[in-house]
Structures are given as C-alpha cells and as structure tokens.
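What follows is the residue order along each chain.
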Amino acid sequence: MARLVALGDAHLGRTHLAHLRDEEGRNLREEDFLRSFSWAIDTTIELQPDGFLWLGDIFDHARPTYRTFAHVLAGLQKLTDAGLRGVAISGNHDTPRVRGTGSPYDALERVFPDVTFAWRMESLVADLAGVKIHAVPQTSNNVEFRGQLDAAARRTTRDATNLVIAHVALTSVPAGAYPDINEIEVEESAFDKGFDLMVLGHYHAFQRVSKRSWYAGSTDTFNYADSPETAKGVVVVNTETAKIEHVENPTERPLASVPVQAAGLSAGELVESVDRAARGTLEGAIVRVWLNEVDPAAFRQVANEQFQEAVPGAMWVQVEPDFGADALAVQGGPQIGSLEQEWAAYVEGQDLTGLDRPRVIELGTRFLEDAKGETV
C-alpha cells in the first residue's frame, strides 16, 4: 500500500492575455502556470509520498520552448533528489500527432531512470512502492486507446493493488469544457477490467467520477472554461483506503465574473457601475464583467482603459457586452449573433469530410473564449 501524489495538466508553455508582459517581456499568465508547477513540485516533496504520478499535458505543446523544458527538467531533478520515484504519461497536448517525430518525454526518459515515462502510444506497467501502476498514454485514436487499455488489463495481478492512469475524456462526465479535436473519449465502463483504482488527467476540475475513480484536475486555472470556481492543485492517493485528498494551490491567480445590469446607463454610469460591481474581488484577479443589455452607443463611448482603471486591483478587466436580442433589429442592421454563434453557423456550411463536426465547433468556441481575453 502506498501514498502517491498525482499532478495533472500543468500545460507549461501556454500563454493567455498575450499583451500582458513583465519587465523582461515574459507573458504574465505563462509565468503564473510555471509558478503553479513549481508549487506542485515543492508540495509533492513536502507531503513525503511513496512516489508521484504525472497524468499528461505537463507541456502545452509537443515541442516546448527551451525555457519550458528546463523548468520541467529542474522539477524532476528536485523530485529525484528527494528520493522519489514516479510514473508519467503523455496527454493529447504533449503527444506528437505523427509517430516518430520525437517527444519531450524521450529526452527526460534518458536523464531520469527512476521515472517511468509512457509516451510511445503504448501502455506499460511499473511497480511503485508495491503498487502496480498501469500507465496508458495518449494514442492516435479511440480504437488504439481501447487496445492499449486491454493490454494494460492483461497485466493486472491479484496479489497487488492495480492503479491505472490515463489522459482521457469520459462520456459520463459533462462534455464541452475542454474540447480538443485529438482528445480520446471513452465510456467509464471501458476501465472495468480488473483495475482497483483509476486516476485521470484531461478535465481541469478535481472531481470524483465513481467510487474508485477520480479526475485530479489541473495545477492552475487557465481561462473561464476551466471551472475557476473550483480550486486547482494536486491530489494524494491512498491506495490502502482507496481515498483521495485534494491539496489546493494557494498561488493560482483568481478569475472572477461580475454582472452589471446596464440597460439605460450612460457612458459615465457604466464605468461607475463596473467600479461598484467589482469591489471585493481579490487583488490581482482577472475580472470578467458582463454588461447586460448595454446601450451600444454608450458602450462605444467608453475607452478600454477606463474599464481597466475602474478596477485598479485587477490584473486585467475583460468586458463582455450584451446589447440585447433586439438591439441590432431596432437599429435596422443585419441580424448578427455572438462570435460563437457565427462560428457554429459557418462550420455547419462547410465540407468537413473525415472530421467530427461537433468537435470542430467546440474547439473553435474554446479558442474564441481565449481570444476574448486577449483583445485590448
């Protein structure tokens, strides 16, 4: 029996709000994610576990920058210097689309013999403090994933605890939060093959899926699609009690949303209303402000800088105007929906032979959500 610390979805190398930079030109949000990863490494060591698990998407890309790669290498060095062994799998973001093009895990595998890396689209088993860790990494498609899951199941033994780790979307979990064209999606019953415990990466909110299965969640909140109301961090897996403890990350940057009923407000009143509504939000937060039924003419009179100044303690103020369903019709203009609606309508008219049309719509919607926060 063992206590293991699991870390998922650090997405190192990801940027957001690209215009926000420090004095050395580094993206502030990318620095947030690197800081949270460092916290996760230090916390893992402080918890003194019997080993550690990495659940995929440690990198946001299959070809990370030198700086990002060095950050992960330094983290692994700290863990192994503390005498910890571990098992790591690749996820849909940090697995190359074409076999044989190389992987950052290939280089790490050559340096850290006490860490087992599953990244070649093939499952493997490792012994970690007496527990059989069945590591099922990202594969090219759902069929291959099921095949590797079956191969892992054949390696289970009755004389040990069998814990499976994978980076996958379960159909039993509400969809749409983290759409990716190349994600693996299977039903939970696909794991009913003799595994005692299941700890997964991919969904960014810590959650219990069933009696013996969990999503560990991510180390930080990346955008508003990431369930910012759910604290991020790492988990401690107790294989003897079959229970998981979530350890919250106190360093993650908060994301807050505040509504403003803006119908009939003048330009000056809009700024004052944002000031009042955002009071009490945490220092350094990213604040999304919904301007409900705002007058388009009044909104156009307010410079972006005025909204930023209205919430001086915020890292960034993201304003989302809602002009009301009939605003454009009253003005005699064309009926134009939201960016997300326009994207969905556009995709519906395209020939997407060989692609999953709903997934393409979902992925574009997520990118639009990210882009809204990067518009100055």
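Everything that follows concerns the structure shown earlier in this document.
These numbers come from a predicted model, not from an experiment. (Residues numbered from 1 in each chain as written. Predicted model: local features only at pLDDT ≥ 70, side-chain atom pairs only at ≥ 80, totals over all residues. Heavy atoms only, no water.)

The next point concerns unusual backbone geometry. Of note, the phi angle at D9 is positive, near 50 degrees, even though the residue is not glycine. Here D9 lies in the loop between β1 (3–7) and α1 (28–46). Owing to a relative accessible area of 0%, D9 belongs among the buried residues under this scheme. The residue Q48 is not glycine, and still its phi comes out positive at about 50 degrees. Mapped onto the elements of the fold, Q48 is located in the loop between α1 and β2 (51–54). (Helix = DSSP H or I, 4+ residues; strand = E, 2+ residues; numbered from the N terminus. Buried < 20%, exposed > 50% of the residue type's maximum accessible area, 1.4 Å probe, protein only.)

Take S90: it is sitting in the loop between β3 (86–89) and α3 (104–111). On the accessibility criterion, S90 (1% relative accessible area) is buried. A polar side-chain atom of S90 sits 2.9 Å from a polar atom in the side chain of T95. Excluding its chain neighbours within four sequence positions, the residues that come into contact with S90 are G56, D57, T95, Y105, A118, W119, P137, Q138 and H167. (Polar contact = N/O pair within 3.5 Å; in protein donor to acceptor, adjacent residues only side chain to side chain. Contact = heavy atoms within 4.5 Å.)

Time to look at the pairing of β2. Going residue by residue along β2, you find G51 and L53 tucked away on one face and F52 and W54 tucked away on the opposite face as well. A crossover connection joins β1 to the parallel β2 through α1; in handedness this β-α-β unit is right-handed. Two elements, β2 and β3, share three bridges in a ladder whose sense is parallel. By the bridge assignment for β3, F52 is matched with G86. After leaving β2, the chain enters helix α2 (residues 66–81) and then returns to the sheet as β3, a path that is right-handed. (Right-handed = clockwise from strand over helix to strand, strands pointing away. Pairing = 2+ DSSP bridges.)

Next up on the list: the environment of L282. By the element assignment, L282 lies in the loop between α5 (267–278) and β16 (286–292). Exposure remark for L282: the relative accessible area of 55% places this residue in the exposed category. Residues L282 and R253 lie 29 residues apart in sequence; the distance between their C-alpha atoms is 9.2 Å. Sequence-distant contacts of L282, that is, excluding residues within four places in its chain, are made with P254 and G313.

By way of backbone hydrogen bonds, the strands of a sheet pair with one another, either parallel or antiparallel. In spatial order, the strands read β4-β3-β2-β1-β13-β14; together these six strands make up an open sheet with mixed pairing. Looking along the sheet, the strands with just one partner apiece sit at the ends: β4 (115–118) and β14 (243–248). Taking the axes of each pair of neighbouring strands and ignoring which way they run, one obtains an average angle of 20 degrees across the sheet. Bridge count for β1 against strand β13 (residues 233–238) is four bridges, and the pairing is antiparallel. Note that in β13 the partner of V5 across the bridge is V236. The strands touched by α1 within the sheet are β1, β2, β13 and β14, with β13 carrying the most contacts at an inclination of about 30 degrees. (Axes fitted to C-alpha atoms, helices over the stretch in contact; angles between N-to-C directions.)

Right, let's get into the packing of α1 against α2. Relative placement of two packed helices is described by the angle separating their axes and the distance separating the axes. The interhelical angle for the contact between α1 and α2, taken along N-to-C directions, is 10 degrees, at an axis separation of 9 Å. What the angle tells us is that α1 and α2 run roughly parallel. Where α1 abuts α2, its residues E30, E31, L34, F37, S38, I41, D42, T44 and I45 lie against R67, T68, H71, V72, G75, K78 and L79. Broken down by class, the residue content of the contact of α1 with α2 amounts to six nonpolar, five polar and five charged. (Parallel < 35°, antiparallel > 145°, perpendicular 65-115°, else oblique. Nonpolar A, V, L, I, M, F, W, Y, C, P; charged D, E, K, R; others polar.)

These results come straight from atomic positions and should not be treated as a statement about function.
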